[in-house]
Amino acid sequence: MPGFEFAIDRGGTFTDVFARCPGGKTRVMKLLSEDPAHYADAPREGIRRIMEEELGQKFPIEEPLDPTGISWIRMGTTVATNALLERRGERCAIVITRGFRDLLHIGNQARPSIFDLAIQMPEKLYEAVIEVDERVVLHQDSCQLHSSKKLKMVTGVTGEQLEVWKSVNLEDLEGKLQGLLTAGIKSLAVVLIHSYIWAKHEEEIEELAFRLGFSHVSLSSRVAPMVRVVPRGFTACADAYLSPCIQSYLHGFRSGFKNDLKDVQVLFMQSDGGLTPMEKVNGSRAVLSGPAGGVVGHARTTCGLHGQKPVIGFDMGGTSTDVSRYAGAYEHVFEATTAGVLIQAPQLDINTVAAGGGSMLFYRSGIFLVGPESAGAIPGPVCYKKGGPLTVTDANLCLGRLLPNYFPKIFGKSEDEPLGKKEALEAFETMARLVNQCPESRRPGSTPLTVEEVAMGFIRVANEAMCRPIRALTQARGHDTSKHVLACFGGAGGQHACAIARALGMQTVFIHKYASVLSAYGLALADIVHEAQEPCAVQYAPPAFSLLEKRLAALQECCVQTLTVQGFSRSQISTEEFLNLRYERTDCAIMVSAKNNPCGPDSCCYGDFQQAFVDRYRVEFGFTIHGRPILVDDVRVRGTGRTDFNGEMKLQPSGTLARIEMVTSCYFENGYLDTNVYLLEELSCDHTIPGPAMIIDRNSTILVEPDCTATVTELGDVRILVGNAKRANVSTFLDPIQLSIFSHRFMSIAEQMGRVLQRTAISTNIKERLDFSCALFGPDGGLVSNAPHIPVHLGAMQETVQFQTKALGENLKNGDVILSNHPCAGGSHLPDLTVITPVFAAGSEWPVFFVANRGHHADIGGITPGSMPPHSTALDQEGAVFISFKVVQDGEFQEKAVIEALLAPGLQSGNSGTRRLQDNLADLRAQVAANHKGIQLVTELIGEYTLEVVQAYMGHIQKNAERAVRETLREFARSKLGPAAITTSSLQVQAEDFMDDGTPIRLKVEIDPDDGSAVFDFSGTGLEVYGNCNAPRAITLSALIYCLRCLVGQDIPLNQGCLAPVQLLIPEGSLLAPSEQAAVVGGNVLTSQRVVDVIFKAFEVCAASQGCMNNVTFGDDECGYYETVAGGSGAGPNWHGRSGVHTHMTNTRITDPEILEKRYPVVLKRFELNHGTGGAGQFNGGDGVARELLFRRPLLLSVLTERRVFSPYGLHGGQPGAAGRNILIKTNGRKINLGGKKSLLVQTGECFCLYTPGGGGYGQPSGAVDQLAQAQVC
């Protein structure tokens, strides 16, 4: 007879235990994860209690537990996740290639929230950085460096050749490592450039570190053997930070048993959904250990029971909700961010939204908000009686959806009181008074909102917030949400499942009998997995098949041998082979299996990977690239040892009606209803429970809403059929609850458009750098919702849409799509192509709304590659021009006309047509597809609510944004005027700053303290310039709407309403309102930043940030590359500026160093912070960066930058940040200052050094240190 089998999920708050006892009996137990007054370790305590109760013998808590009779233990834990979240990991350091000491600080240079001036980034994991003298470089046949010098050549695991420019200086490194040990640091991460294909240097450092006495070393080449040094470096660092913690915890767990569990199989859940022996677990693969058990649980228990419908896993906890999808195979991602750390490892695709039972409730500026702040376990919700805030749990309690009598008495300061419904009701009474005091909360003549209506409103808003990630997993990836089953688990999900399923059109909710401990039960069901992966670099074609087969076979053998050692027979082991494939000249690789594509004459013996890739690519992106070579980036094999666990036992029919425990009164959309209460443990498989009803088990409550019916399956699970309840009529009058719901829906539309555009685009600019924006507009062309993509696009697209409504008028037809980029039509600069689709309702002669997106194209012609010429003086030198061009007419893509327009610049002397025609066409089709997705989603919304209601709420959303801006301007004016605000009619503030050529930008703002209106007057700004820093009016609008949103300081809808209280005055013919033929390419990327600096200076919000996007382009007839580079952000009244980050009007990512060197004829010699370039102050400005490019063959280099003359200002006594520098180092060592704007032919061996500006300081510095003197400019 098998012994005890334990599956344990140790969460942050609770530890869930599932046990199968000898004889087949199953047990479930929940314990607090931390309860030091009663036990040292929750998993061990759960095992002890169950064994003690089942065996009828005492196991003293203070003695090691005798494991006799235990067959196996399987564990999942949030130990790694919590260590990341709370930054309580092992002290560690990183060893990195010289010149890249700050690479993980800079990361991809994007900031997480574009409107937060105090840029909050996760705290770094490492304490110290050691730069090591070593360098390897990928060999390029076209490279003209070292032509007379013989370099050591080595072959990487991909077969690629590498040049060893410098071997590891182990003697120098030894002393530095010894210093770390002296400081008490014994865990090390080693991250060297290109080590993923040639690891010898990392291995030499590992050998030295262990010899010196380091206890743990994580090599990036071993932990994450994939290209891209930044995510690989983060992963290695996370591994060094977490692995010792996990091993320490597991050692402590083992030591609580006699003989350290020597003869017991102990397995650990990894982030990929597979189990591994405890001694093999590492930190980087354990971050999602806990949630992964839940995914396995819902996948194994739900899929296949409902006609092969795919399943959405819905795990609602106290702080957040995890959402996942299963359609017969686990969906993995290979890069994901957890607690701000990018992990490059196989992980189940789990989307998290900050909405859970503990999410806090707010009413701000006339709108209901849920989260993202959480009450946590301490103090918890109001009903915990520990002084906590109002939360979703309180709302459910007030509505009668939670019954205090079925909760243990563990609340209050002495932790012996019942759940506090009285306290929650009192808090909601206060909230209701606040809501009803707001004039916008109800229409004239209506009755005030009741406590229940307010609580119900917050529940509806929370439900909508949780619907967004589900739509992102389904609709945004081409799946029909309504065709899924909602598998609900977690402690709080049962109260919301019916409402969420109904909102998404789902017909079935499935709640497993172990739903409250499904993550633990999933551990029992999981298989043991071993994976092997190596990088590769071949084209997927017949000449490479034998090599691929050989490498896959070797990895397969590795997996089989590993699992055989763990006790599996060959019949229990299965393997699945994967290739990580991508189209040439794209960055989007897809890990594909060929298990459903058998081999043929034109494939390798493991299957037709090409067909699998093409099919998957078509599903993911909606198209394929015919004739484009397919490249192999990685080979991978996943070996699985099947455990075939079955913990299900069938129920016997009771032959009686289900017993009603009690009848309670529960509040629903239409008021209070009598609601039957049942105990799950008393229900049998012949019971049907009509809604409204509540089904309660020991750890959760299931709410069966009206028009829904629950049945109990023969295995004791609950299946709910969701009826099509009639939706309450929503009028066109403003309702604050509906306002929040529509805000979510409108934003979700823009976000999903963005996901489609990113998925379907080809170019690096859109797909990888994310240089695009998507938005929804009303029938007047006014902005309704703009996803927070690129700030410089925010207000500009509205100008473009409104221009088309006036220019085309009745010429706007159904089936047309408009392409525009001209500054006179609201364009920002020519590479930003805007695609606009008008949408008509049945019988309407005018569009009922518009959808649009703007994307930066890599090249559209002009006098330099990349269409970003630093020396252009007229618009026609910057590329192809479109004003009101119908890229689609009567539903047909006008390819011939588009090609002619894109090549037209080449007809002018000195100009070229587009150099990336096929990429332009593909990206334009992607932009059209993104708009089509937006049309589908808005059409669904109209079908749900009617056109009149949707358009009415477009207006209400805009009014809400207007109100928030008016309140902000009013408060600012009154705070500055003080008591004089009563008698003074307006407040005037002003500021000026200068472009590097001396052109002034002057602003005077006059604010009415009564109605919160303002006039922004740029009179006095300099004339249009001969160069290209002219900024069309749309740029200033974008800068203004961005600044206003930042000033509001809270999450509000971003739309036309933000500009409603504002009058903008710009003198014609000035820098900010140039003539139609003026060059403008620099206005978008440079002048926009200076406009922001001037506005913030007038409002005295913060010191200036770097004030530049640092545009660098290089190329020739064979290649072209464009990047923008981070700098320092300005300090503020209570924050230091962030170093090495993009600020204000841009937030694009930067290309990973290994990708840069792999695809372009350059070597990145240095990319790190330029310490000392941030202005000193009470709060210091952020430092700029130093970036050095070595050219391997002659190329045309173009540099378009600002803040090279006038430094970013400090504020209130803070010092300015250092100005930037652009330096060219010739092969003879001569250094030349290129100035801010230059295009020149660089020669082989020359080096371009970019030093970006620092941010200004805020407040008087405590010392007299002149930080600018410390700046390293070359």
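Residues numbered from 1 in each chain as written. Predicted model: local features only at pLDDT ≥ 70, side-chain atom pairs only at ≥ 80, totals over all residues. Heavy atoms only, no water.

A. Focus on the nonpolar core. Among the nonpolar cores identified, the biggest contains 220 residues, and F6 and F428 are the most heavily contacted of them. Residues in contact with F6, not counting those within four places in the same chain, are V17, F18, A19, I47, I50, M51, I70, W72, I73 and R74. In terms of nonpolar packing, the next biggest core, distinct from the first, is built from 84 residues, L812, A973, L1003 and L1040 among them. (Core = buried A, V, L, I, M, F, W, Y, C linked by side-chain atoms within 4.5 Å. Buried < 20%, exposed > 50% of the residue type's maximum accessible area, 1.4 Å probe, protein only. Contact = heavy atoms within 4.5 Å.)

B. Up close: helix α11 (residues 451–473). Between its first and last C-alpha, α11 extends 35 Å over 23 residues, near the 33 Å set by a 1.5 Å rise per residue. The buried count for α11 comes to 20 of 23 residues, which makes it a mostly enclosed element. (Helix = DSSP H or I, 4+ residues; strand = E, 2+ residues; numbered from the N terminus. Expected span 1.5 Å × (residues − 1).)

C. Highlighting the sheet that holds strand β48 (residues 1120–1124). Strand order in the open sheet formed by four strands is β48-β47-β51-β54, with antiparallel pairing between adjacent strands. Two strands close off the open sheet at either side, each with one partner strand: β48 and β54 (1237–1242). Along the sheet, successive strands turn relative to each other by an average axial angle of 10°, direction set aside. Bridge analysis of strand β47 (residues 1111–1115) against strand β51 (residues 1195–1200) gives five bridges, and the strand direction is antiparallel. Considered in β51, the bridge of N1111 is made with L1200. Against the sheet, helix α23 (residues 1081–1099) engages β47, β48, β51 and β54, with an angle of about 50° to β51. (Pairing = 2+ DSSP bridges. Axes fitted to C-alpha atoms, helices over the stretch in contact; angles between N-to-C directions.)

D. Representation of the pattern of salt bridges in the model. In this structure the tally under the stated criterion is 60 salt bridges. The shortest N-O distance in the salt bridge between R502 and E705 comes to 3.4 Å. Highlighted residues: R502 in helix α12 (residues 497–503) and E705 in the loop between β33 (701–704) and β34 (708–712), separated in sequence by 203 residues. The salt bridge involving E714 is made with K650; its shortest N-O contact spans 3.8 Å. Of the two residues, E714 sits in the loop between β34 and β35 (718–722) while K650 sits in the loop between β28 (630–641) and β29 (662–668), which places them 64 residues apart along the sequence. K650 gets classed as exposed once you look at its relative accessible area, which sits at 59%. Several salt bridges converge on common partners, so that one network encompasses R101, D102, R1166, E1168 and E1188. (Salt bridge = Lys/Arg side-chain N within 4 Å of Asp/Glu carboxyl O.)

E. Broad picture of the side chain of Q533. Relative to the helices and strands, Q533 resides in strand β25 (residues 528–539). Dropping the residues within four chain positions of it, Q533 is found in contact with P225, M226, L555, M591, D634, V635 and R636.

F. Seen up close, the state of the cysteines. Tallied over the entire structure, the rule returns zero disulfides. Not engaged in a disulfide, the cysteine C92 finds its nearest cysteine sulfur in C237; these two sulfurs lie 4.4 Å apart. (Disulfide = S-S within 2.5 Å.)

G. Molecular detail of the packing of α11 against helix α16 (residues 736–760). Two numbers describe how α11 lies on α16: the axes approach to 9 Å, and their chain directions differ by 5°. With respect to each other, α11 and α16 are oriented roughly parallel. In contact with E453, G457, R460, V461, E464, A465, R468, R471 and A472 of α11, α16 contributes I737, Q738, S740, I741, H744, R745, M747, S748, E751, Q752 and R755. Its residues placed into classes, the contact of α11 with α16 shows six nonpolar, six polar and eight charged. (Parallel < 35°, antiparallel > 145°, perpendicular 65-115°, else oblique. Nonpolar A, V, L, I, M, F, W, Y, C, P; charged D, E, K, R; others polar.)

H. The arrangement of the confidence of the model for the protein chain in detail. Across the protein chain, the average pLDDT comes to 88, with 96% of residues at 70 or higher. Low pLDDT, under 50, characterises residues 1264–1274; the predicted model gives this stretch 31 contacts beyond four residues in sequence or across chains. (pLDDT = per-residue confidence, 0-100.)

I. Summary view of helix α1 (residues 42–55). Compared with the 20 Å implied by 1.5 Å per residue over 14 residues, the 20 Å span of α1 between its first and last C-alpha is a close match. Counting buried residues along α1, ten of its 14 residues qualify, which places the element largely inside the surrounding structure. Buried residues of α1: A42, P43, R44, E45, G46, I47, R48, I50, M51 and E52, and no others. Check the buried side of α1 and you find it contacts β1 (4–10), β2 (14–20), β3 (26–32), β4 (70–77) and α7 (229–255). By the N-cap criterion, in which a side-chain oxygen at the helix start approaches the backbone nitrogen of a residue two or three places on, α1 is capped by D41, the distance to R44 being 3.0 Å. A positive backbone phi angle near 70° is found at G56, which sits one or two residues after α1. (Polar contact = N/O pair within 3.5 Å; in protein donor to acceptor, adjacent residues only side chain to side chain.)

J. A look at the packing of aromatic side chains. All told, the structure shown has 29 aromatic pairs when counted by the stated rule. For the ring pair Y667 and Y672, a centre distance of 5.1 Å and an interplane angle of 80° mean the geometry is edge-to-face. Its relative accessible area of 10% is what places Y667 among the buried residues. Under the relative-accessibility criterion, Y672 is labelled partly exposed at 40%. When the ring of F882 is compared with that of F885, the centres are 5.2 Å apart and the planes differ by 75°; the resulting orientation is edge-to-face. Residue class for F882 comes out buried when judged on its relative accessible area of 1%. Site record: aromatic cluster; members linked through ring pairs are Y363, F368, F428 and F458. Cation over ring: R636 sits above F578, and NZ or CZ is 4.3 Å from the ring centre. For R1187, the ring lying beneath its charged end belongs to F1167, and the centroid distance is 4.5 Å. (Phe/Tyr/Trp six-rings, centres within 6.5 Å; stacked < 30°, edge-to-face > 60°. Lys NZ or Arg CZ within 6 Å of the ring centre and 35° of its normal.)

K. Spotlight on the pairing of strand β15 (residues 321–326). Judged by how many residues are buried, β15 sits mostly within the fold: six of six residues are covered. Going residue by residue along β15, you find T321, V323 and R325 tucked away on one face and D322, S324 and Y326 tucked away on the opposite face as well. Inspection of the sheet shows strand β14 (residues 311–316) paired to β15 by six bridges, in the antiparallel sense. The partner of V311 across the bridge, within β15, is Y326. Taking the residues that link successive antiparallel strands as the turn, the β14-β15 hairpin has four residues. Of the strand pairs in this sheet, β15 and strand β20 (residues 351–353) are connected by three bridges, and their pairing is antiparallel. From the neighbouring strand, T321 faces β20, where its bridge partner is V353.

L. Expanded view of the environment of D1117. Summarising the element assignment, D1117 is placed in the loop between β47 and β48. Sequence-wise, D1117 and V592 are 525 residues apart; in three dimensions their C-alpha atoms are separated by 34 Å.

M. Main features of unusual backbone geometry. Of the consecutive residues G691 and P692, the connecting peptide bond is found in the cis state with omega at 5°. Counting through the fold element by element, P692 comes out in the loop between β31 (688–690) and β32 (693–696). In this model, N259 sits at a positive phi of 60°, which is unusual for a non-glycine residue. Looking at the secondary structure, you find N259 in the loop between α7 and β12 (265–269). N259 gets classed as exposed once you look at its relative accessible area, which sits at 66%.

N. Main features of the pairing of strand β45 (residues 1014–1017). Sheet topology places strand β44 (residues 1000–1007) next to β45; four bridges connect them, and they run antiparallel. The residue bridging I1007 from the neighbouring strand is A1014, located in β45. Taking the residues between adjacent antiparallel strands as the criterion, β44 and β45 are bridged by six residues, where G1012 takes a positive phi near 70°. Bridge count between β45 and strand β46 (residues 1062–1065): four bridges; the pairing is parallel.

O. Broad picture of the sheet that holds β33. Pairing is mixed across the open sheet formed by four strands, whose spatial order is β29-β30-β32-β33. Single-partner strands in this sheet number two, and they are β29 and β33. The sheet shows a mean angle of 30° between the axes of neighbouring strands, direction not considered. Bridging between strand β30 (residues 671–679) and β32 involves four bridges; their strand directions are parallel.

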